[in-house]
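Architecture and fold: a report
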Amino acid sequence: MVWKRDENYPVQPIPQGSGVLFFTPFLNPPMTTLLTWKPLMFAGLVASIGPKACTPHEVVHEEEEAKVVVTHPLKKDTNITRDYVCQVRSSRHIEVRAMERGYLESIEVKEGQHVKEGQPMFKILPLVYRAELKRAEAEAQAANLEYQNTRRLAENNVVSDTELALTKAKYEKAQAEVNLAEAHLGFTEIRAPFPGLVDRLLLRQGSLVEEGELLTTLSDNDEMWAYFNVPEAEYLEYVSQAQPDELKTVSLVMANAQLFEHSGRVNVIEADFNSDTGTIPFRADFPNPKGLLRHGETGNVRMKTKIDGALLIPQKATFEILDHHYVFVVGDDDVVTQQRVLISDELEDVFIVSSGITEKDRIVVEGLRQARNGKKAECDYEEPDEVFSNLKLAAE
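Residues numbered from 1 in each chain as written. Predicted model: local features only at pLDDT ≥ 70, side-chain atom pairs only at ≥ 80, totals over all residues. Heavy atoms only, no water.

Focus: the overall build of the protein
- Scanning the protein from N- to C-terminus turns up six helices and 21 strands.
- The buried share among the 396 residues of the protein stands at 34%.
- The long-range fraction of contacts in the protein, counting pairs at least 24 apart against all pairs at least 6 apart in sequence, stands at 74%.
- A total of about 25000 Å² of accessible surface is found on the protein, and carbon and sulfur atoms cover 51% of it. (Helix = DSSP H or I, 4+ residues; strand = E, 2+ residues; numbered from the N terminus. Buried < 20%, exposed > 50% of the residue type's maximum accessible area, 1.4 Å probe, protein only. Contact = heavy atoms within 4.5 Å. Areas by Shrake-Rupley, 256 points an atom, 1.4 Å probe, with all protein chains shown as cover.)

In structure tokens form, the structure reads like this:
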């Protein structure tokens, strides 16, 4: 410790080499005192800098190269499956309506019942129509008698042929009235036009039925039609290439995510596009021998489509940033580059790439977390067939 004495102020201790000065505060010291302190302060600062200059140099560690597994995208013809939301309809689904006005005399069926063709379903009180039929028959009989009498007179040249023709026309008109009355009477009994399932009964026995009023609906579920909408681009892709029979065969995924046991077939593509949605309706026909499918069900039609020369990459080789897919591409100099790719379709553990990379590029499939954009990497190459045969992970 060095001590410096000043005649006007107390002695101040100054640690050597510490660079820190400890002194008591004072007011307005003389200039001589300040000049006395300056050499000591400078010596302290030099002493504080000196030890740091003598510290050892820091050791700089270089970042090790990442170890990754790379492969090439696989290019091959691929059959993909696409699901389309569909509405299931019966091949024959009709509304059963009353043809005549009257009281509902009897209901011969129950809700949900399967009926045969020609089986009676409803009967409207036929009293009025039966009376009209009897009147028409009586008028027809009278016209017939008049015609027969006039015919005999005409044979004896008592009346002219013109009068005979008039009585014949009158008789034929009366007979037509009989046929019309029979038709009206027949409309009071409603029979099933084809075999099918009866839906909800909208009226009960004794109700007053107006002409044309809806009574129930009848569905023939032996064959079901599934309607689904296909986007314009996929429609053009479908019709631009000859589709073999196996690609026209479709399957139906029901609402419980189970596959319907019978396969269907695309038989109809409608004529017009929907300009609001940009889609065109397709129709697939499914046999329904057990009656499992019902009119109005929903599901998904699963349709196969062939893509020639599809470029495939594993899903685990991709990562997402802001809803965009990326891969790490390794160049000839082993430098890793982040590359955006566009995904056109998705299979199990596999993406089909439409742009961004080619089949000649090397992409990272293992070690994505260690790879760094713009940095070199130590690469191990695996053949695409080997990589694709061991896919289990989805995209990160």
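A short note on helix α3 (residues 161–187)
- With 27 residues, α3 ought to run about 39 Å at 1.5 Å a step, and its terminal C-alpha atoms sit 40 Å apart, in line with that.
- Those residues of α3 that sit buried are L164, T167, A174, V178, A181 and L185. (Expected span 1.5 Å × (residues − 1).)

A few points about the nonpolar core
- Grouped together as the largest cluster of nonpolar side chains are 22 residues, with contacts concentrated most on L312, I313, V327, I357 and I363.
- Contributing elements (two or more residues each) for this core: β4 (74–97), β15 (298–314), β17 (324–330), β19 (350–355), β20 (362–366) and α6 (384–388).
- A total of five residues in this core trace back to one element, the largest contributor, which is β15.
- Sequence-distant contacts of V327, defined by excluding residues within four places in its chain, comprise I313, A317, T318, F319, T337, Q338, Q339, V341, I357 and I363. (Core = buried A, V, L, I, M, F, W, Y, C linked by side-chain atoms within 4.5 Å.)

Quick look at the sheet that holds strand β10 (residues 208–209)
- Pairing within the open sheet is antiparallel, and its four strands lie in the order β8-β7-β5-β10. Sheet topology places β8 (189–191) and β10 at the edges, where each strand pairs with a single neighbour.
- Sheet analysis places strand β5 (residues 102–107) next to β10, joined by two bridges and oriented antiparallel. Bridging from a neighbouring strand, Y103 pairs with L208 of β10. (Pairing = 2+ DSSP bridges.)

A few points about the environment of R130
- Considering the arrangement of structural elements, one finds R130 in helix α2 (residues 127–155).
- A C-alpha to C-alpha distance of 9.7 Å links R130 and G186, two positions 56 residues apart in sequence.

As for a nonpolar patch on the surface
- Residues Y103, L125, L127, V128 and L208 make up a contiguous nonpolar surface patch of about 460 Å² in total accessible area.
- Of note, L208 is situated in strand β10.
- With relative accessibility at 36%, the residue L208 sits in the partly exposed group. (Patch = residues over 30% accessible without salt bridge, like charges linked within 9 Å, V, L, I, M, F, W, Y side chains within 5 Å. Salt bridge = Lys/Arg side-chain N within 4 Å of Asp/Glu carboxyl O.)

Overview of the pairing of β4
- Pairing analysis gives 13 bridges linking β4 to β15, with the strands arranged antiparallel. Bridge pairing in β15 links T78 to I307.
- Sheet topology note: the β4/strand β11 (residues 214–231) ladder contains 11 bridges and is antiparallel. Looking at β11, one finds that E95 is bridged to T217.

Section: the packing of aromatic side chains
- On inspection of all chains with the given rule, the structure shows nine aromatic pairs.
- Note on Y147 and Y171: the rings are 6.2 Å apart at their centroids and 5° apart in plane angle, and the pair reads as stacked. With a gap of 24 residues between them, Y147 in helix α2 and Y171 in helix α3 connect regions that are remote in the sequence.
- For Y147, a relative accessible area of 16% corresponds to the buried category.
- Where F228 meets F282, the ring centres are 5.6 Å apart and the plane angle is 40°; that geometry is what we call tilted. With a gap of 54 residues between them, F228 in strand β11 and F282 in strand β14 (residues 279–287) connect regions that are remote in the sequence.
- Residue F228 is classed as buried on the basis of its relative accessible area of 2%.
- It is R283 that lies over the ring of W225; its NZ or CZ is 3.9 Å from the centre. (Phe/Tyr/Trp six-rings, centres within 6.5 Å; stacked < 30°, edge-to-face > 60°. Lys NZ or Arg CZ within 6 Å of the ring centre and 35° of its normal.)

Some points on unusual backbone geometry
- A positive phi angle, close to 70°, is found at A257, a residue other than glycine.
- Within the secondary structure, A257 is located in the loop between β12 (249–254) and β13 (264–269).
- Classification of A257 as exposed rests on a relative accessible area of 62%.
- In this structure, D334 takes a positive phi of about 65° despite not being glycine.

Some words on the side chain of K316
- Along the polypeptide, K316 turns up in the loop between β15 and β16 (319–321).
- Reaching out from K316, the side chain makes a polar contact with the side chain of E366 at a distance of 2.9 Å. (Polar contact = N/O pair within 3.5 Å; in protein donor to acceptor, adjacent residues only side chain to side chain.)

Focus on the pairing of strand β7 (residues 120–124)
- Where β5 lies against β7, three bridges are found, and the strand directions are antiparallel. When the bridges of β7 are listed, S106 appears paired with K123.
- In terms of strand pairing, β7 meets β8 through three bridges, oriented antiparallel. Along β8, the bridge assignment pairs P120 with R191.

A closer look at the confidence of the model for the protein
- Looking at the protein, the pLDDT average stands at 81 and 81% of residues meet or exceed 70.
- Across the protein, element-level confidence peaks in β14 with a mean pLDDT of 95 and bottoms out in helix α1 (residues 31–53) with 42.
- Considering only residues more than four positions removed or in separate chains, one finds that residues 1–5, a stretch of pLDDT under 50, has 13 contacts.
- In the model, residues 9–61 has pLDDT below 50 throughout and makes 39 contacts with residues more than four positions away in sequence or in other chains. (pLDDT = per-residue confidence, 0-100.)

A short note on the pattern of salt bridges
- Counting across every chain of the model gives 16 salt bridges.
- For K75, the salt bridge goes to E359, with nearest N and O atoms at 3.9 Å. With K75 in strand β4 and E359 in the loop between β19 and β20, the pair connects residues that are 284 residues apart, well separated along the chain.
- The exposure class of K75 is partly exposed, given its relative accessible area of 47%.
- Since its relative accessible area comes to 39%, E359 is described here as partly exposed.
- A salt bridge links E189 to R191; the shortest N-O distance between them is 3.3 Å.
- One connected set of salt bridges, linked through shared partners, spans R82, E234, E237 and D345.

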